[in-house]
There are 4 protein chains.
Amino acid sequence: MSDDKDDLYAVADFCLIPMGTGDSSVAEYIAECQTVLQKSGLTFKMHGYGTNLEGPWNEVCKAIHDCHAAVHQLGAPRVATDIRIGTRTDRQVVLGEGNNRKVHRVEEILARKEAELR
Amino acid sequence: MSDDKDDLYAVADFCLIPMGTGDSSVAEYIAECQTVLQKSGLTFKMHGYGTNLEGPWNEVCKAIHDCHAAVHQLGAPRVATDIRIGTRTDRQVVLGEGNNRKVHRVEEILARKEAELR
Amino acid sequence: MSDDKDDLYAVADFCLIPMGTGDSSVAEYIAECQTVLQKSGLTFKMHGYGTNLEGPWNEVCKAIHDCHAAVHQLGAPRVATDIRIGTRTDRQVVLGEGNNRKVHRVEEILARKEAELR
Amino acid sequence: MSDDKDDLYAVADFCLIPMGTGDSSVAEYIAECQTVLQKSGLTFKMHGYGTNLEGPWNEVCKAIHDCHAAVHQLGAPRVATDIRIGTRTDRQVVLGEGNNRKVHRVEEILARKEAELR
């Protein structure tokens, strides 16, 4: 775990792409990343175009680094990743619940609006 | 629907950020986007750091454009979006199933590996 | 040019990645994209990790679509792109100058601060 | 500098967005980030929709973290960043030249093609 008290809590999402593999399928590589994330101890959840991930900034970055290393190990000579990463100081993020809470707040608003229309 | 036969089928994901609102919460704006997407008729699914979206390239872009327009309408003077968008010519994507199938293929591999370890 | 009066002006940047090519180099594909952009008539400028691009939303999206089509044509079975795209209603963007002006404003601030320190 | 021999060399680009500031202009915040990057000792270069940045993975991530911290310090309650980050094992990247070389290779191809057309 992070030993840096000044490390911001990061709510993130990333989409990793193996390059130069000669194979248009990436599922084996992404499965390997899920295994790396499992070992990281961080909260994560795969979706159709990436994986939600959150934790101390440093650990989130290290986990994605380790995904790159694992995908290189599997034979990809080059790896490119798009990361979306957010931090906030206006409120305390409930650990492991940053991404979930964002979805819930939107769903609550949609449910309220739907109720108003009835 | 698209009238352009040459339009590639796009499997995408986007994360929209309202800027200059003076409010650190974005849930009201994202809820509005979900309503816009609902009207687009495209397949979409919100997650913790964006929304999966797929369909003909042109319609996907138009839907995201309309989200920007709606968020401006709600009062955001500036809007910035990150889009991940993919196309492929090696296989026919089952319409509306592009993002789901990607998740399923990874889950199948993980299940197979777990079974092998038992 | 765009025939849609309601089309927002988009200041964008994109990074296209050919997948499944068996070649870790992407320069040939990116060069092809620059040629596509040249034909689009839009303002664009390549940098180390993508290409700045701006114009009416619809045309920006069409230009990136055409880059995908050209890269498929060159032999890439799959193409994934990350797009950053922004719109604003608080001020009129000088056409073709959206990205440049952003850089200039930052450089002005840095020059002012440096002058203050002397 | 990095003390981790296993740290991959990262060629990256990032676009940071301050949220909830009530100001649609971001130039002051981006100028602050340039100052943070200057202190990092890493190679970086601003463009119209982000900043190229490269170095050991860990240092690149720390520099972007420190930009978030600085932007929070300036008053932004929330910060969201899009990072593109790439690593490769097929060739040694010339330190500080990863992003430049990518541009040069594309420019060489374009110059060659133009020469062939004459």
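Small disclaimer: the values here were computed from a predicted structure and weren't measured.

Novice: It is not clear to me how the UniProt feature "domain: Thiamine-binding protein" (unreviewed entry) in chain A should be interpreted in this structure. Could you clarify?
Specialist: UniProt's entry tags residues 12–95 of chain A with the feature "domain: Thiamine-binding protein" (unreviewed entry), counted in the numbering of this structure. Each end of residues 12–95 of chain A is marked by a C-alpha atom, and these two atoms are 13 Å apart; helix forms 37% of the span and strand 37%.

Novice: What's the story with the interface of chain A and chain C in this structure? I'm lost.
Specialist: Accessible area lost upon the coming together of the parts is a frequently used measure of interface size. Taken together, the contact pairs 14 residues of chain A with 14 residues of chain C. The largest per-residue losses of area from chain A upon contact with chain C belong to Ile17(A), Met19(A) and Ser24(A), which jointly make up 37% of the total buried on that side. There are zero salt bridges connecting chain A and chain C. Our count for the chain A to chain C interface comes out at two residue pairs in polar contact (both at pLDDT 80 or more). For the side of chain A that touches chain C, the secondary-structure elements that each account for two or more residues are strand S1 (9–19) and strand S4 (78–88) of chain A. For the side of chain A that touches chain C, the element with the highest residue contribution is S4(A), accounting for three residues. Split into classes, the residues belonging to the side of chain A that touches chain C amount to six nonpolar, five polar and three charged.

Novice: Is there a simple way to think about the relation of the copies chain A and chain B in this case?
Specialist: The second copy of the chain is related to the first by a rotation about an axis and a shift along the axis. Least-squares fitting of chain A to chain B yields an RMSD of 0.0 Å, with the superposition described by an axial translation of 0.0 Å and a rotation of 180°. Read as a symmetry element, the transformation amounts to a two-fold axis. Residue His47(A) of chain A places its C-alpha closer to the rotation axis than any other residue of that unit, at 3.7 Å. Mapped onto chain B, 100% of the interface residues of chain A again fall at the interface, so both copies present the same surface.

Parameters and conventions
Residues numbered from 1 in each chain as written. Chains lettered and ligands numbered in written order. Predicted model: local features only at pLDDT ≥ 70, side-chain atom pairs only at ≥ 80, totals over all residues. Heavy atoms only, no water. UniProt positions renumbered as here; feature names shortened; annotations may be inferred. Helix = DSSP H or I, 4+ residues; strand = E, 2+ residues; numbered from the N terminus. Contact = heavy atoms within 4.5 Å. Buried area = accessible area lost by both parts, 1.4 Å probe. Salt bridge = Lys/Arg side-chain N within 4 Å of Asp/Glu carboxyl O. Polar contact = N/O pair within 3.5 Å; in protein donor to acceptor, adjacent residues only side chain to side chain. Nonpolar A, V, L, I, M, F, W, Y, C, P; charged D, E, K, R; others polar. Least-squares fit on C-alpha atoms with pLDDT ≥ 70 in both.

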